[in-house]
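Structure assessment
Now for the letters of each chain:
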Amino acid sequence: MVQFGNDWDVLLKDEFKKDYYLNLRKFLIQEYRTRRIFPGMYDIFNAMKLTSYDDVKCVIIGQDPYHGEGQAHGLCFSVKKGIAPPPSLVNIFKEIRDDVGVDNTGKHGELTKWAKNGVLLLNSVLTVREGQARSHHGMGWEIFTTSVIQLLNQREKPMVFMLWGGDAKQKAQFITNKNHLILRAAHPSPLSAYNGFFGCKHFSQANKFLESRGLSPIDWSID
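Residues numbered from 1 in each chain as written. Predicted model: local features only at pLDDT ≥ 70, side-chain atom pairs only at ≥ 80, totals over all residues. Heavy atoms only, no water.

1. Quick word on the overall build of the protein
When helices and strands are counted, the protein shows eight helices and six strands. The N-to-C order of helical and strand elements in the protein reads α-α-β-α-β-α-α-β-β-α-β-α-β-α. Relative to a compact globule of 223 residues, whose C-alpha radius of gyration would be 17 Å, the protein shows 17 Å and is just as compact. Taking the principal axes of its C-alpha atoms as reference, the protein extends roughly 45 × 40 × 30 Å. Going through the 223 residues of the protein one by one, you find that 55% of them count as buried. At a minimum sequence separation of 6, the contacts of the protein that also span at least 24 residues come to 66%. As presented, the protein carries roughly 10,100 Å² of accessible surface, and 50% of it is formed by carbon and sulfur atoms. (Helix = DSSP H or I, 4+ residues; strand = E, 2+ residues; numbered from the N terminus. Rg over C-alpha atoms; globule rule 2.2 N^0.38 Å. Buried < 20%, exposed > 50% of the residue type's maximum accessible area, 1.4 Å probe, protein only. Contact = heavy atoms within 4.5 Å. Areas by Shrake-Rupley, 256 points an atom, 1.4 Å probe, with all protein chains shown as cover.)

See below:
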């Protein structure tokens, strides 16, 4: 049984008993035995371990983990210290600098501070084969992460959902609670960032929304 060490333990305990998850678990056991899978198995659920249900202020939804050596560690868009920030994260940092004046460029790419500050960094799919993007799509993770989003949707305390790109925007159908704010933009990938990610001002919008609801803003710095 997965242990988060916070309120997710109770909220998700029944999810791990469902047939789709038991089949996913069998698949993952075989994958980790026979292939190189990222992130490491003890990092798969870091998003929920670092950001409890009650503490979530903002949800950023990614696609699947980075599939290069040493990159993925269970938080979408984040890489471990010592690994160069990938292009999408570089673009996220550019938008943060232009939007709220926080300059994270030239430092590192680990977003653990955000996670501890209430930003749930959730990929739609939580594992991937080395060098094979989207290789674990359709195996059950999408059902699991949709359940996470539906649980968040039920919470009365307001939060912000940042949906970047097509995969993330598909999750909007599960966010129906009027207490929450949905922000949509293009994906920060270099292929699409100039089509609506740059200039979206999601980071300032999120903080204005949180403050208007009596909640503390998010510190978007990483150091």
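2. Description of the packing of helix α2 (residues 19-34) against helix α6 (residues 141-154)
It is at 9 Å that the axes of α2 and α6 come closest, and there the two elements cross at 130°. Viewed along their axes, α2 and α6 adopt a mutual orientation that is oblique. By crossing handedness, the relation of α2 to α6 is classed as left-handed. Of the residues in α6, those in contact with Tyr-20, Tyr-21, Leu-24 and Leu-28 of α2 are Trp-141, Ile-143 and Phe-144. Of the residues in the contact of α2 with α6, the class split is seven nonpolar, no polar and no charged. (Axes fitted to C-alpha atoms, helices over the stretch in contact; angles between N-to-C directions. Parallel < 35°, antiparallel > 145°, perpendicular 65-115°, else oblique. Left-handed = near helix turned anticlockwise from the far one by under 90°. Nonpolar A, V, L, I, M, F, W, Y, C, P; charged D, E, K, R; others polar.)

3. Looking at the packing of helix α4 (residues 87-100) against helix α8 (residues 202-212)
Packing of α4 against α8 brings their axes to within 8 Å, and their N-to-C directions diverge by 55°. For the element pair α4 / α8, the angle class is oblique. In contact with Ile-92, Glu-95, Ile-96, Asp-99 and Val-100 of α4, α8 contributes His-202, Phe-203 and Ser-204. Taken together, the residues of the contact of α4 with α8 break down into four nonpolar, two polar and two charged.

4. Let's talk about α6
End to end, α6 covers 20 Å across 14 residues, agreeing with the expected 20 Å (1.5 Å per residue, within 8%). For α6, the buried fraction is high: 10 of the 14 residues fall into the buried class. Close packing links the buried residues of α6 with α1 (8-12), α2, α3 (46-50), β2 (58-62), β3 (119-123) and β5 (160-164). (Expected span 1.5 Å × (residues − 1).)

5. Quick look at the pattern of salt bridges
Counted under the stated rule, the structure contains 11 salt bridges. A salt bridge links Lys-18 to Glu-15, with the shortest nitrogen-to-oxygen separation between them at 3.1 Å. Residue classification places Lys-18 among the partly exposed residues on the basis of a relative accessible area of 38%. The salt bridge involving Arg-35 is made with Glu-31; its shortest N-O contact spans 3.4 Å. For Arg-35, a relative accessible area of 41% corresponds to the partly exposed category. Residue Glu-31 is classed as buried on the basis of its relative accessible area of 4%. A cluster of three or more residues bridged by salt bridges with shared partners is formed by Glu-31, Arg-35 and Arg-129. (Salt bridge = Lys/Arg side-chain N within 4 Å of Asp/Glu carboxyl O.)

6. Remarks on the sheet that holds β3
Paired through backbone hydrogen bonds, the strands of a sheet run either parallel or antiparallel to each other. Strand order in the open sheet formed by four strands is β3-β2-β5-β6, with parallel pairing between adjacent strands. Of all the strands in the sheet, the pair left with one neighbour each is β3 and β6 (181-185). On average, each strand axis in the sheet is inclined to that of its neighbour by 20°, with strand direction left out of account. Bridge count between β5 and β6: five bridges; the pairing is parallel. Its bridge partner being in β6, Met-162 is matched across the sheet by Leu-183. (Pairing = 2+ DSSP bridges.)

7. So, the state of the cysteines
Structurally, a disulfide amounts to a covalent bond that connects the sulfur atoms of two cysteines. Tallied over the full model, the rule gives zero disulfides. The closest cysteine sulfur to the non-disulfide-bonded Cys-200 is located on Cys-58, 11 Å from its own sulfur. Under the relative-accessibility criterion, Cys-200 is labelled buried at 12%. (Disulfide = S-S within 2.5 Å.)

No statement about biological role is implied by the geometric values presented.
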